[in-house]
Structure formats: structure tokens, C-alpha cells
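These are the residues of each chain, in order.
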Amino acid sequence: MADVMQPDPNSLQIPGENSSTPSSPATARNDCSITPLTPSPSPRVEVRPRMACPFSVVVAIDFGTTSSGYAFSFTQDSEAIHMMKRWEGGDPGVANQKSPTCLLLTPDLRFHSFGFAARDFYHDLDPEEARHWLYFDKFKMKIHSTSDLTMETELEAVNGRKVRAIEVFAHALHFFREHALKEVKDQSSSVLEGEEIRWVITVPAVWRQPAKQFMREAAYLAGLVSSDCPEQLLIALEPEAASIYCRKLRLHQVIDLSMQPISNGLDLDGSRPFDSSFRQAREQLRRSRHSRTFLVESGTGELWSELQTGDRYVVADCGGGTVDLTVHQIEQPQGTLKELYKASGGPYGAVGVDLAFEAMLCQIFGEDFIQSFKSKRPAAWVDLTIAFEARKRTASPGRANALNISLPFSFIDYYKRHRGQSVEAALRRSNMNIVKWSSQGMLRLTQEAMNELFQPTITNIVKHIEELMTKPEVRGVRFLFLVGGFAESPMLQRSVQKALGRTCRIIIPHDVGLTILKGAVLFGLDPTVVRVRRCPLTYGVGVLNRFVEGRHPRDKLLIKDGREWCTDILDRFVSVDQSVALGEVVRRSYTPARLGQRKIIINIYCSATDDVTYISDPGIRKCGTITLDLPEPLPLPGAVGGAGGGGHERREIRATMQFGDTEIKVTAVDVMSNRSVRASIDFLSN
């Protein structure tokens, strides 16, 4: 329990200026037994000089919902970004720079394979045997959707067995570690030590602190870095990484959708269908994927010469699991970035289209049948989802002919045995006119069916971008960058173009699925590039203040040693959507409640709004703890018995918190001895 010195509200004095601070009450209420020693000014800036990068190589892992990959760069040659080697396996006709995010564990829970290898091995297993293997895909979604994420949170494999999520993530990260290290060593002339590598892992900007901490803990478990060297690992925010890379773009590296005005699906002169410009774009995309080393501009790219200082732009990261929006302003001449509005978005990724397809199958064949097929023939179910995924990529707005999706033989056979009728009969009976049956054993999805599958997800994405564009901080934005794997979809491009093409220029980088990965490498080379961020939440702690009759409610009154205190008051560290610069710190001082105390534990509270006064208000919740491990106090010179200054000196521990980074950080120092105190912040143990 922490107790804190209480300043006189009328004469705030800074500790150490000959003030005798009255001692605060030690109370039994754990949450609110701390009062601020220092007043609560806005965070102060400690200018930190641009550090020379202490690492010789930066490796970034883009851990996506549907696909993942890594890239690296040597600090001596930081303009060259090397993409990972081609993957074994993979789908015909797709040049694979990234691998599907799927993982296979043996029946006794040992790691077997990741990516295409996991997918193909699982597919080739005997159906009876496959039921004992643990296959995980699209598992990143769980981290976003779990409100009470802890180290014990579990993930369910396709066969229904459960494993701790942290172990699944650690297996995947360990796989990337092994692959990346081998490739880095192959390309490096010198012998690399582990501590010479800086690792970067990407996460959605809309993820809360517990999810970011979860990824960090998984990286420790995977052996990427040691928890003793936390600075060796950076957590990068996906749209932010994309934004960092977009600064470097040249005009020939982007597709500008705004250059293609449309009316009823034709160019304004009516000559060619709108679709053809997308076809050219996809061809350029395909060609750009075959090179593995990318060179980036040393300054900012020529696209930015059109941007005036102070111009703003939006990056919409449309991935497999989430849509993630960030608004940046470019600061010239240094080319740093300033976030203008807190990250927003939601679970509206390409996976939504897959779920809509599954719902359509349930409608046709019955939900009980689909659930039974998934549990009894898990590998065949995965085959079916892969077949849909491949066709989904080719769906485009102007397509006249139907998309064919082959049903696995075991699906057709299983249905006949369980329902006593053919798949074709089921289709006829369902009155689902937009899906036909072909004699080659395929479902034929008409354009109307594809629209129905895509529309709910795309509508959500467009609505989110439109809502963001109405915010005062964002009005008048000139550029919208579409990035992420789903941004390759002509269906999404067309809808965004239609809704927003008249108000801003819509830019798609050529290698749109790799934008985040390249940006994450650039972020690892220079983490100071984003100079100002916005707080996603209000954070603070519960404290005691002097009770003021008429202002404070009676149920908050606490009488201690004859003095009246108001409990549960929120002492804000930062407010939601507040601008916080890199290196800005919030300081608070705490003092142990009793002599010989070895730990101070402080509960942190957060709220999505700023109109909160007490930690008991609706909408505010405990979200983490700060732990200060107190060293044995040094005996003062001339003190008898060495009891920390003869027993009457109140010990002051000064905690310093940083909110301007991608993760919240805390450090602390014992003021009297000037020794640093081991300080940690934990969002996963709630």
C-alpha cells in the first residue's frame, strides 16, 4: 500500500525547497491511499537527442491476422530494406512475400510448422488423424476481441482443443526468429551477436495496452529478446508504420485512384470500364512483388513535395482482422510526423467477408451440418476456406461472370451421408438464387452473391473513414492512403473511391500488402520519427484530497487523525486525445506507508472519456498496476541504528511515466539516495 505526502492546497511547494510537508493519512482503502506529492501540471518535455542506432540490424515482423512476414535492414545501409525469402508451398500464381498466419501443433502440443507448410501438411493428413492435430488460423483476432486478456487466455484450435494463447503466439514468433536470423546471417559479413539486433513487432493502433504487453511477453517467451533488455524490442503501430513508409513514396510507386473519375462504372468520357484501371494497377502490383530488396528515399519522397508544411493525411490500414485509421501531419523540414487524432477503427477486416461466406453456407446446408463438418473434417473445412480466399481476391465490381468455388469431395460425400440428399438438391431447396451449382462440383457465386458477402464489411470501413473525416481535426484532409492486404481488393477500392473520391486524393502504394512491413523497419531504424501522438484513453490513479463541504459527496468522506479527506479522486496523468510529445513525462512522488516497506503497488485507472472525477464513476475501470520495488534504504551519515534517517525522514520515491511512445513506460528513483528503483507497469494481471 502506498502512502503519499500531502501538499497544502494553498501553498504548493516543490519537494526539497525547505518545506516540511504534512504527512498524509495511512488508510485501509488500498485504491485511494495515495495523494499526489507534486501538483498535476501537463506533462513536461525532456528533449531527447537523436541517438545513433546502437543496433547493427533491424528485423521487423508484421504479424497479421491472415498473413505475416518479416523484413530487415542493416543500419550501415539503411536505405535498403530486404524482404524475407520466398516461402515454400504457396498458392499457384501468387508470388508470396508473406505467409498465411496459421500454425500447426502435434497431438502432444509440440510445434510442427507455420504458414504454407502447416496448411499443406494439415491438408494431407488422414481425416481421422487430423482430428488430433491442433491447427490455428486467424488467431490474432482473439487478442483484439478479448476484454479481459491475461497470460492464461486460451485459443481454440480447429479441432476444438484449447491451448494458452501466449504459447501459440510465442511459437509463431520463434518460427520467425529462426528464419530471420538465418537470412540475416547469410547476408551479413560480420558475426552478429543477439544484442546487436533490434526487433520490431507490429500491432493494430486500436489495440489497448494489455494486447501490446501480451505481444511483448510472447516475444520474451519466444526468445526474441530478454526481458532484461526491453529496449531491444519495439512495438510498432500498423497504420503508423504505413504512414512512415508513405512519406518515402515517389509518384511512380503509387496508384492514384483520384486520377480516374467515374460515372456509372465508366470513365467520364464513357470510353472504358472503370475496372480496367484496376486491372493495370493489379498488374503493376504483381510485377513489383518479384523484387526482394527495396530502396527507400533518404529524405521524403516527391509525392510530399505537393504537401505544404502542416498538410494532413489519413492512413487507412485495411487488414485481415481490423480497419485501423490514423491521421498525421508532416512537419518540415525534419520530416517528422505528428498524430492529430487518436487512433480509431474496429474489427472490420477482410475476415468479415469469410464469415459472411460461412453464414451463407449455413443458410444453404444448415448450421448444424456446417458445425458438424468443421469438427469431424477439420482439414477439409480449411481446404474450403482456402478455396474461397483465393476466389475472394479476384472479385471485382465490374465482373460479369460468376466465381467458381470448388467444394471438397469430402464435403459433398459427408452431406449425402448425413442428409441423404445431394448438395445440388440442398441448393435448390434453399431458394438461394444468387448461388448456383455447376456439374464440375463447384458453387457458382454470381456478382450479386459476391456483393452480398463484401458489402457489410466494406460499408463499415467506408462509414468509419467518413465519420473520421467529419472530426474538426481532420476536416480538409487532402490525401487518403489505403494500405494493408484488403486494400488490394477492387471491391473495397471502388467503394472508397465512390464515397470519398470527390473530397480527397486516394493513394494506394504499389506493394500495398508490404507497406506496413517496410514502415516497421524504418520505425526500428528511427523510433523518434513520430514526434507527437494522441492518448487513446484517460489514465490516472485514485488519491485522497482535502474534503470540501458542498463540493465533495458525503459518501467519499474519510476521517483520519481528526482530519477530513475525500477518497477516490482521480489524479489524471493524461487525458483522452491529449497530444503527448515523445519524451514528455508525467512525474508523481510517493512515499511508503510504513518503515521497512519493500513494495509500493499503485492501481491505474482508465476511461474512454474525460468527464470523470472519481475512480468509482461509471465508465472508469482499473486497468493495470505500477509496482515500485524499494531497495533497503541507505543509512544516513551519523544516523543511529541506520533506520533510514533515524526513523523520522519520510522517504520519497519519484515515478516518471511516459505516454508519448507506442507503449506506456515507467521509471522511478529514490530521491534521497538518488538510486534507481525497479519500476514495472502491468496491464495483464487484472
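Anything mentioned here points back to the structure above.
What counts, and where the lines are drawn
- Residues numbered from 1 in each chain as written.
- Predicted model: local features only at pLDDT ≥ 70, side-chain atom pairs only at ≥ 80, totals over all residues.
- Heavy atoms only, no water.
- Helix = DSSP H or I, 4+ residues; strand = E, 2+ residues; numbered from the N terminus.
- Buried < 20%, exposed > 50% of the residue type's maximum accessible area, 1.4 Å probe, protein only.
- Contact = heavy atoms within 4.5 Å.
- Areas by Shrake-Rupley, 256 points an atom, 1.4 Å probe, with all protein chains shown as cover.
- Phe/Tyr/Trp six-rings, centres within 6.5 Å; stacked < 30°, edge-to-face > 60°.
- Lys NZ or Arg CZ within 6 Å of the ring centre and 35° of its normal.
- Expected span 1.5 Å × (residues − 1).
- Pairing = 2+ DSSP bridges.
- Axes fitted to C-alpha atoms, helices over the stretch in contact; angles between N-to-C directions.
- Parallel < 35°, antiparallel > 145°, perpendicular 65-115°, else oblique.
- Left-handed = near helix turned anticlockwise from the far one by under 90°.
- Nonpolar A, V, L, I, M, F, W, Y, C, P; charged D, E, K, R; others polar.

Novice: Which parts of the structure should I look at to understand the overall build of the protein?
Specialist: Scanning the protein from terminus to terminus reveals 15 helices and 36 strands. Looking at the protein as a whole, 55% of its 686 residues qualify as buried. Within the protein, counting contacts between residues at least 6 apart in sequence, those at least 24 apart form 72% of the total. Working note: accessible area of the protein is about 29,300 Å², and carbon and sulfur atoms make up 50% of it.

Novice: Looking at this structure, I do not really get the packing of aromatic side chains. What am I missing?
Specialist: Pairs of aromatic rings are described using the distance from one ring centre to the other and the angle between the two planes. Here the structure, examined in full by the defined rule, presents 27 aromatic pairs. Relative to Phe481, the ring of Phe479 lies with its centre 6.2 Å away and its plane at 15°, an arrangement referred to as stacked. Of the residues examined, Phe481 reaches a relative accessible area of 0% and is grouped as buried. Members of the aromatic cluster, each reached through a chain of ring pairs, are Phe365, Phe369, Phe373, Phe411, Tyr414 and Tyr415. For Lys140, the ring lying beneath its charged end belongs to Trp207, and the centroid distance is 5.6 Å.

Novice: Looking at this structure, how should I read unusual backbone geometry?
Specialist: Glycine aside, a negative phi is what most residues show, and trans is what most peptide bonds show. Of note, Leu109 is a non-glycine position whose phi angle comes to about 70°, a positive value. Its place among the elements puts Leu109 in the loop between β7 (102-105) and β8 (111-114). A positive phi angle, near 60°, is found at Asn674, a position not held by glycine. The topology assignment puts Asn674 in the loop between β35 (665-670) and β36 (675-682).

Novice: What's the story with helix α5 (residues 209-222) in this structure? I'm lost.
Specialist: With 14 residues, α5 ought to run about 20 Å at 1.5 Å a step, and its terminal C-alpha atoms sit 20 Å apart, in line with that. Of all 14 residues in α5, 11 are buried; the element is thus mostly enclosed. Those residues of α5 that sit buried are Gln209, Ala211, Lys212, Gln213, Phe214, Met215, Arg216, Ala218, Ala219, Tyr220 and Ala222. Immediately beyond the C-terminal end of α5, within one or two residues, lies Gly223, with a positive phi of roughly 85°.

Novice: Any chance you could explain the pairing of strand β27 (residues 538-546) here in plain terms?
Specialist: The side chains of a regular strand alternate between the sheet's two faces. Where burial is concerned, most of β27 is hidden: seven out of the nine residues are buried. For β27 and strand β32 (residues 599-607), the ladder comprises three bridges, and the chain directions are antiparallel. Residue pairing in the sheet places Gly540 in a bridge with Tyr605 of β32. One ladder, built from seven bridges, connects β27 with strand β29 (residues 563-574); its direction is antiparallel. Note on β29: the bridge partner recorded for Val541 is Asp571.

Novice: Looking at this structure, how should I read the packing of helix α4 (residues 165-187) against α5?
Specialist: A pair of packed helices is characterised by two quantities: the angle between their axes and the separation of those axes. Contact geometry of α4 with α5 gives a least axis separation of 8 Å together with a crossing angle of 60°. Regarding the angle of α4 to α5, the classification is oblique. Handedness of the crossing formed by α4 with α5: right-handed. When α4 is examined against α5, the residues Ala165, Ile166, Phe169, Ala170, Leu173, His174 and Arg177 are found in contact with a partner set consisting of Phe214, Met215, Glu217, Ala218, Ala219, Leu221 and Ala222. The class makeup of the residues in the contact of α4 with α5 is 11 nonpolar, one polar and two charged.

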